[in-house]
Amino acid sequence: MKEFKDETRERKIEWQVGQLPFMKCDYGLLRQALINLLSNSVKYTKKREHAVIEISSKIIDGKQAILVRDNGVGFDMKYADKLFAPFQRLHREKDFEGTGIGLATVQRIIHKHSGRIWAHSEPGLGATFYFTLSSEVSKPASKAAVLQALVA
C-alpha cells in the first residue's frame, strides 16, 4: 500500500486486507507480482468515487490461493486469453496508461514458482486475480504481520 501512497493520495480507496499465509517463495519476485496486481487495481478503479481493493486468500481446489479483487471497470471474459500476453491491452491506452507487460510479468513470476494464475471479471463489476504457488504453506500470517509487510 505504501507503494501507491503518492498516486492515491487524492482518492478514496478502501483497502481490505484479509489473512494471508506465509509461503515459501522468492520474496522479491512475489513482491513484484503483488505490486503489479495491486497497481492494476489502483489503475482500473481510478474512475470510481469509492474504490475497493482487496487482497486475501482462500482455499481453491485444495490449494492456498491469493486473490486481488477490485471494483474497477473489469473486462469481458471472452478476451481473458489475452490478459497475460506481453503488450496486450483490453482497454484503450488513452483511458488507462500502461505498457501491457505488468500481467505478463506476474504470470512469469507465478510460473517460476510452479504456480497458476487466472482471473475472473465482468465489465463494470471489477476483476479478481487469483494465483497459487507450488510451495507449501507454512502457517497463516497474523493480520499485524500482513499489514506490516504491506506498508513497509
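To be clear, the structure that these remarks concern was listed above.
Computed from a prediction, not measured in an experiment: that's the story for all the values here.

Conventions and cut-offs
For every chain, the first residue of the written sequence is number 1, and numbering continues from 1 along that sequence. This being a predicted model, a pLDDT of at least 70 is required before a residue's local features are given, and a value of 80 or more before pairs of side-chain atoms are given or counted; all residues contribute to the totals for chains, interfaces and linings. Water and hydrogen atoms were dropped before computing side-chain values, which therefore reflect all heavy atoms in the structure. Labels follow the DSSP assignment, with helices taken as runs of H or I lasting at least four residues and strands as runs of E lasting at least two, numbered in each case from the N terminus. The cut-offs for exposure are 20% and 50% of the maximum accessible area for each residue type, with area from a 1.4 Å probe on protein chains only; residues under the lower value are buried, those over the upper are exposed, and the others partly exposed. Throughout, a contact is declared for two residues whenever any of their heavy atoms are within 4.5 Å. Salt bridge, as used here, is a side-chain nitrogen of Lys or Arg placed within 4 Å of a carboxyl oxygen of Asp or Glu.

Counting its regular elements, the protein contains four helices and seven strands. The helix and strand sequence of the protein, counted from the amino end, reads α-β-β-α-β-β-α-β-β-β-α. Out of the 152 residues belonging to the protein, those deemed buried represent 40%. Counting only contacts in the protein whose residues sit at least 6 apart along the sequence, the fraction spanning at least 24 positions is 67%.

Overall, the coordinates contain three salt bridges when judged by the stated rule. In this structure, the salt-bridge partner of Arg31 is Glu3, at a minimum N-O distance of 2.8 Å. Linking Arg31 in helix H2 (residues 27-44) with Glu3 in the segment before helix H1 (5-8), this pair joins segments that are 28 residues apart in sequence. A salt bridge links Arg69 to Glu54; the shortest N-O distance between them is 3.1 Å. Taken together, the residues span a long stretch of sequence, with Arg69 in strand S4 (residues 63-70) and Glu54 in strand S3 (residues 51-60) at a distance of 15 residues. Taking relative accessible area as the criterion, Glu54 reaches 16% and is therefore assigned buried.

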